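# Secondary and tertiary structure notes
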Amino acid sequence: MEVREVDPRDDAAVAEWFAVIDAWQRAGRPDEPGWLLHEQAAILRLGAEPDADERRVGLVAVEDGQVLAAARLDLPVADNTHLADVLLITHPGHRRRGAGRALLGEVERRAREAGRTTLTASSDEVPGEEGRSASRGFGPALGFQAMQAEVRRDIALPLDPAVVSGLAAVAAEYAADDDLRTWRDAVPEDLVEDQAHLFRRMSTDVPLADLDWREEVWDAARVRRDEQDVQAMGRTLFGAGAVHRPTGRMVAYTTMGVALAAPERAYQWDTLVLTEHRGHRLGTLVKLACLQRLADEVPEVRFISTWNAAENAPMIRVNDSLGAKVNGQLVNWQKRLP
Ligand SMILES: CC(C)(COP(=O)(O)OP(=O)(O)OC[C@H]1O[C@@H](n2cnc3c(N)ncnc32)[C@H](O)[C@@H]1OP(=O)(O)O)[C@@H](O)C(=O)NCCC(=O)NCCS
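Residues numbered from 1 in each chain as written. Predicted model: local features only at pLDDT ≥ 70, side-chain atom pairs only at ≥ 80, totals over all residues.

## Some thoughts on the environment of Leu291
- Turning to its location among the elements, Leu291 is positioned in helix H8 (residues 282-297).
- Residue Leu291 is classed as buried on the basis of its C-beta count, with 24 C-beta atoms lying within 10 Å.
- Counting along the chain gives 74 residues from Leu291 to Val217, while the straight-line C-alpha distance between them is 28 Å.
- If we skip the residues at most four places from it in the chain, Leu291 touches Leu157 and Leu159. (Helix = DSSP H or I, 4+ residues; strand = E, 2+ residues; numbered from the N terminus. Buried ≥ 20, exposed ≤ 12 C-beta atoms within 10 Å, placed from the backbone. Contact = placed C-beta atoms within 7 Å.)

Below you can see the structure in the form of structure tokens.
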């Protein structure tokens, strides 16, 4: 078995690499668009640029001319330079032939060479498979520890207008000092510094179990690069923020994304309320405002998927109030590199 690097400018090689990821998606969640080829191609291409905030490389395990498994190794550059993250998939028709082990060996070699001491990975478990997926055999056999489960919930859109107005009326009483703002694709210029601060807080204020993620470094320029990357992937971003009137600072925000080529499903990205502003229903308010703008501008969206650490009770309460339904989970793995 041979392990090869994928040239991000070679469309055929990228398509072969992505075909493994897609075969896994079609087997596990056949009714969903999942990752699209042009999205993953953009992720590889952007990660190969000299000024990337995260360096990324695609790898394949090949036997007799056939691609058996695919991996993407991500190396943060701007912060968390002790970490490497891997997406690792063996084609469902070629499991238990050592392809996963072979690819992981090369991933670890490269991570160590880049000075990384911790390797992280995530695995999706579809409903009924929780705790029993192939990753539960593979991960521990190769030295990974399951650190955290993030339960996936789907919220059906559009929201029931009666639910929205009820929640908004209650929340508005709690949040009398805050103004709501929404945006699409780019946060308004007067909020970009606050957005950078909130991204920094988001990186460590969410429950992390014992995952060794450290604070990210954000400034306005990185916020803008991130927004451009979302567009380069063919996605559109929606954001909403709560601006605290007495100080003029944005103290809570949420972001959501939609693939323009497959708009029926949206993805909830971040939601954060600064610690000292919690308890004012700002999480509910920013989510409602963002979902409203999303529904107005991309009415094709039928669901939004969100992932919450099982221990994140306040966020789960907000999602449940919007009618969220559990739909599998994501397991976060970690391995110390010897
Ligand atoms: C997990 C995954 C990558 C394993 O790939 P693979 O190519 O089948 O794995 P390998 O053949 O290299 O297996 C290496 C070892 O892992 C363990 N293992 C792999 N799959 C297993 C399973 N289904 N049950 C129990 N143990 C398993 C075994 O110890 C195996 O060694 P052995 O075959 O000599 O007994 C593959 O099942 C997959 O793509 N799953 C979906 C995506 C995913 O979960 N990625 C991993 C995130 S940690």
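## Some thoughts on the site of the ligand
- Close to the ligand lie 23 residues; Gly100, Ser123, Ala134, Ser135 and Gly137 are nearest.
- Counting residues per element, the shell around the ligand draws most heavily on helix H4 (residues 135-141), which supplies 5 residues.
- For the shell around the ligand, the class distribution of residues is 11 nonpolar, 8 polar and 4 charged. (Near = placed C-beta within 6 Å. Nonpolar A, V, L, I, M, F, W, Y, C, P; charged D, E, K, R; others polar.)

## Points about helix H7 (residues 220-232)
- Here H7 spans 19 Å end to end across 13 residues, near enough to the 18 Å set by a 1.5 Å rise per residue.
- Backbone geometry just after H7 places Gly234 at a positive phi near 80°. (Expected span 1.5 Å × (residues − 1).)

## Quick word on helix H1 (residues 11-28)
- Over its 18 residues, H1 runs 25 Å from end to end, which matches the ideal 26 Å to within 8%, given 1.5 Å per residue.
- Roughly 25° is the biggest bend found in H1, and it falls at Ala19.
- Inspection of H1 places Val14, Trp17, Phe18, Val20 and Ile21 among the buried residues, and these make up the whole buried set.
- Check the buried side of H1 and you find it contacts strand E1 (2-6), helix H2 (37-47), strand E2 (54-63), strand E3 (66-76) and strand E4 (83-90). (Bend = angle between axes of the 7 residues up to and from the residue.)

## So, the pairing of strand E8 (residues 235-244)
- In terms of burial, E8 is largely enclosed, as 7 of its 10 residues are buried.
- Where E8 and strand E9 (residues 249-259) come together, 10 bridges link them in antiparallel fashion. Note that in E9 the partner of His244 across the bridge is Arg249.
- The antiparallel pairing of E8 with E9 creates a hairpin that spans 4 residues between the two strands, and Gly248 there sits at a positive phi of about 75°. (Pairing = 2+ DSSP bridges.)

## Some points on the domain arrangement of the chain
- Under the domain assignment, the chain is made up of domain 1 (2-116) and domain 2 (154-326).
- Just the C-alpha atoms count here: the centres of domain 1 and domain 2 sit 29 Å apart.
- On the side of domain 2, 16 residues touch domain 1, which itself brings 13 residues to the contact.
- Take the side of domain 1 that touches domain 2: its biggest share by element is 5 residues, from H2.
- The class makeup of the residues in the side of domain 1 that touches domain 2 is 7 nonpolar, 2 polar and 4 charged. (Domains from an automatic or database assignment.)

## Let's talk about the sheet that holds E8
- On the basis of which strands lie adjacent, the open sheet formed by 12 strands has the order E1-E2-E3-E4-E5-E12-E6-E11-E10-E9-E8-E7 and mixed pairing. Since the sheet does not close on itself, it has two edges, and those belong to E1 and strand E7 (178-184), each with one partner. When strand polarity is set aside, the average angle formed by the axes of neighbouring strands in this sheet is 25°.
- Contacting E1, E2, E3, E4 and strand E5 (118-125), H1 runs over the sheet at an angle of about 95° to E3.
- Across the sheet, H2 touches E1, E2, E3 and E9, and the angle it forms with E2 is around 120°. (Axes fitted to C-alpha atoms, helices over the stretch in contact; angles between N-to-C directions.)

## Let's talk about unusual backbone geometry
- Cis rather than trans, the peptide bond between Leu157 and Pro158 has omega equal to 0°.
- By the secondary structure assignment, Pro158 is in the loop between strand E6 (145-156) and helix H5 (161-174).
- Its identity is not glycine, yet Asn80 carries a phi of approximately 50°, on the positive side.
- Note on placement: Asn80 falls in the loop between E3 and E4.
- Phi is positive for Arg96, close to 60°, though the residue is something other than glycine.

## Concerning the packing of helix H6 (residues 192-205) against H7
- Interhelical geometry of H6 versus H7 gives an angle of 85° and a closest axis separation of 8 Å. If you check the angle between H6 and H7, you find them roughly perpendicular. Note on element contacts: H7 touches H6 through Ala220, Arg222 and Val223, opposite Val192, Glu193, Gln195, Ala196 and Phe199.
- Across the contact of H6 with H7, the residue classes tally to 5 nonpolar, 1 polar and 2 charged. (Parallel < 35°, antiparallel > 145°, perpendicular 65-115°, else oblique.)

## Structural notes on the nonpolar core
- By size, the foremost hydrophobic cluster in this structure holds 36 residues, and its most contacted members are Ala69, Ala70, Ala71 and Leu103.
- Ranked by residues supplied to this core, first place goes to E3 with 7 residues.
- Listed in part, the 33 residues of the second largest apolar core include Val273, Leu282, Ala289 and Val301. (Core = buried A, V, L, I, M, F, W, Y, C linked by C-beta atoms within 7 Å.)

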